[in-house]
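# Structural characterization, general
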Amino acid sequence: MIKGFRPDDNQYTPDIIISGSNFIPSTTGISMSRVGVALDVEPISDVTGSKIVKLLDINRHFTTTSTGVYELVGSEYIERATWTSEYSSITSLGNISLVANYADKIKAAALASVFEPISEAPKAKIILECSGMVLAFNYVDAEIVKDGWWSSSIYDHTKWIPADSNTASYGRLMDSTGEIVAAEVFNDKVCAYKEDSMYVGEYQGSELKWTWRVQDNLIGCVGKNAVCNTPYGQVFVNHRDI
């Protein structure tokens, strides 16, 4: 039986590991981490990578840059959208991939197609999917609403204008100062972060639709790529620690 990673023990002790690479320790043992695989492709600068898993169990691998979106198909990057924006965010709803930035309306693409703008959608710094709806944070519509959130109608990424016939809605998180800098789904809820505060949103249905409460008014997150979900909970980086 392997006794685990024990680098300080005598190297002749049976069944120990004294050195290695790509190991991830856990409470149940040690597993191997994922490793990079070399691809015969030209490098792209200023990238953010995303993997989208479709309902058809098809994986799409996107790379966003300050000039557009590229999809890795085989060993080649295919251009799927162009823009000029510092920020970008990618999510999916069913078999539809969606991408957002501060320069263009949220764009959508079906399988193996280019991204096209959604006429009713806002521009946004952050987008994600929760409970069958696409949510946008720190959005731009008629004006910039840095503390704002906006939800599409349920299971319809094209409907963003609130009406009696849909569940689209929008609002602002104003119980603390600052703009929304990060957001991430946690089970059936959404955690939205400002630099020094944290909100939890939940879809209620009926007239309430989305409701938000302040989870912490002292601790926030430093940016949209500084939060992730793990088997042990949501991990994020703030100005003090992790």
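The structure we're discussing is the one just above.
## Some remarks on the overall build of the chain
Tallying secondary structure elements over the chain gives zero helices and 20 strands in all. Across the 242 residues that make up the chain, the buried fraction comes to 41%. Within the chain, counting contacts between residues at least 6 apart in sequence, those at least 24 apart form 37% of the total. Carbon and sulfur atoms make up 51% of the accessible area of the chain, which totals about 13800 Å².

## Some remarks on the environment of K123
Position of K123 relative to the elements: it lies in strand β11 (residues 123–130). A relative accessible area of 28% places K123 in the partly exposed class. With near-sequence residues (within four places) excluded, K123 lies in contact with N101, Y102, A103, D104, K105, Y139 and V140.

## Considerations on the sheet that holds β11
The strand order across the open sheet formed by four strands is β11-β12-β13-β14, and the pairing between neighbours is antiparallel. This sheet does not close on itself; its edge strands, each paired only once, are β11 and β14 (169–172). Across the sheet, the mean angle from the axis of one strand to that of its neighbour is 20°, orientation sign disregarded. By the bridge criterion, four bridges tie strand β13 (residues 144–151) to β14 in an arrangement that is antiparallel. The residue of β14 that forms the bridge with W150 is Y170.

## A word on the side chain of T64
Here T64 shows up in strand β4 (residues 59–64). Polar contacts involving the side chain of T64 include one to the side chain of S88, which spans 3.0 Å.

## Details of the pattern of salt bridges
Enumeration according to the criterion identifies six salt bridges in this entry. Taking the shortest distance from any N to any O, the salt bridge between R60 and E71 comes out at 2.6 Å. Placement of the pair is R60 in strand β4 and E71 in strand β5 (residues 68–73), with a sequence separation of 11 residues. Two residues, D188 and K189, come together in a salt bridge whose shortest N-O distance is 3.4 Å. Assessed through its relative accessible area of 25%, K189 is described here as partly exposed. Residues joined by salt bridges that share partners form a network here, namely R60, E71 and R80.

## Points about unusual backbone geometry
One non-glycine residue, N138, lies in the positive phi region at around 55°. By secondary structure assignment, the location of N138 is in strand β12 (residues 133–140). One non-glycine residue, Y155, lies in the positive phi region at around 55°. In this structure, Y155 sits in the loop between β13 and β14. On the basis of relative accessible area, Y155 is assigned to the exposed category, the value being 65%.

## Considerations on the state of the cysteines
The full count for this structure, using the stated rule, is zero disulfides. The cysteine C221 is free of any disulfide, with C228 supplying the nearest cysteine sulfur at 9.7 Å. For C228, a relative accessible area of 38% corresponds to the partly exposed category.

## Let's talk about a nonpolar patch on the surface
Together, V222, V235, V237 and I242 make up a nonpolar patch on the protein surface, roughly 320 Å² of accessible area in all. Structurally, V235 is set in strand β20 (residues 233–236). Classification of V235 by relative accessible area gives partly exposed; the value is 33%.

Rules behind the numbers
- Residues numbered from 1 in each chain as written.
- Predicted model: local features only at pLDDT ≥ 70, side-chain atom pairs only at ≥ 80, totals over all residues.
- Heavy atoms only, no water.
- Helix = DSSP H or I, 4+ residues; strand = E, 2+ residues; numbered from the N terminus.
- Buried < 20%, exposed > 50% of the residue type's maximum accessible area, 1.4 Å probe, protein only.
- Contact = heavy atoms within 4.5 Å.
- Areas by Shrake-Rupley, 256 points an atom, 1.4 Å probe, with all protein chains shown as cover.
- Pairing = 2+ DSSP bridges.
- Axes fitted to C-alpha atoms, helices over the stretch in contact; angles between N-to-C directions.
- Polar contact = N/O pair within 3.5 Å; in protein donor to acceptor, adjacent residues only side chain to side chain.
- Salt bridge = Lys/Arg side-chain N within 4 Å of Asp/Glu carboxyl O.
- Disulfide = S-S within 2.5 Å.
- Patch = residues over 30% accessible without salt bridge, like charges linked within 9 Å, V, L, I, M, F, W, Y side chains within 5 Å.

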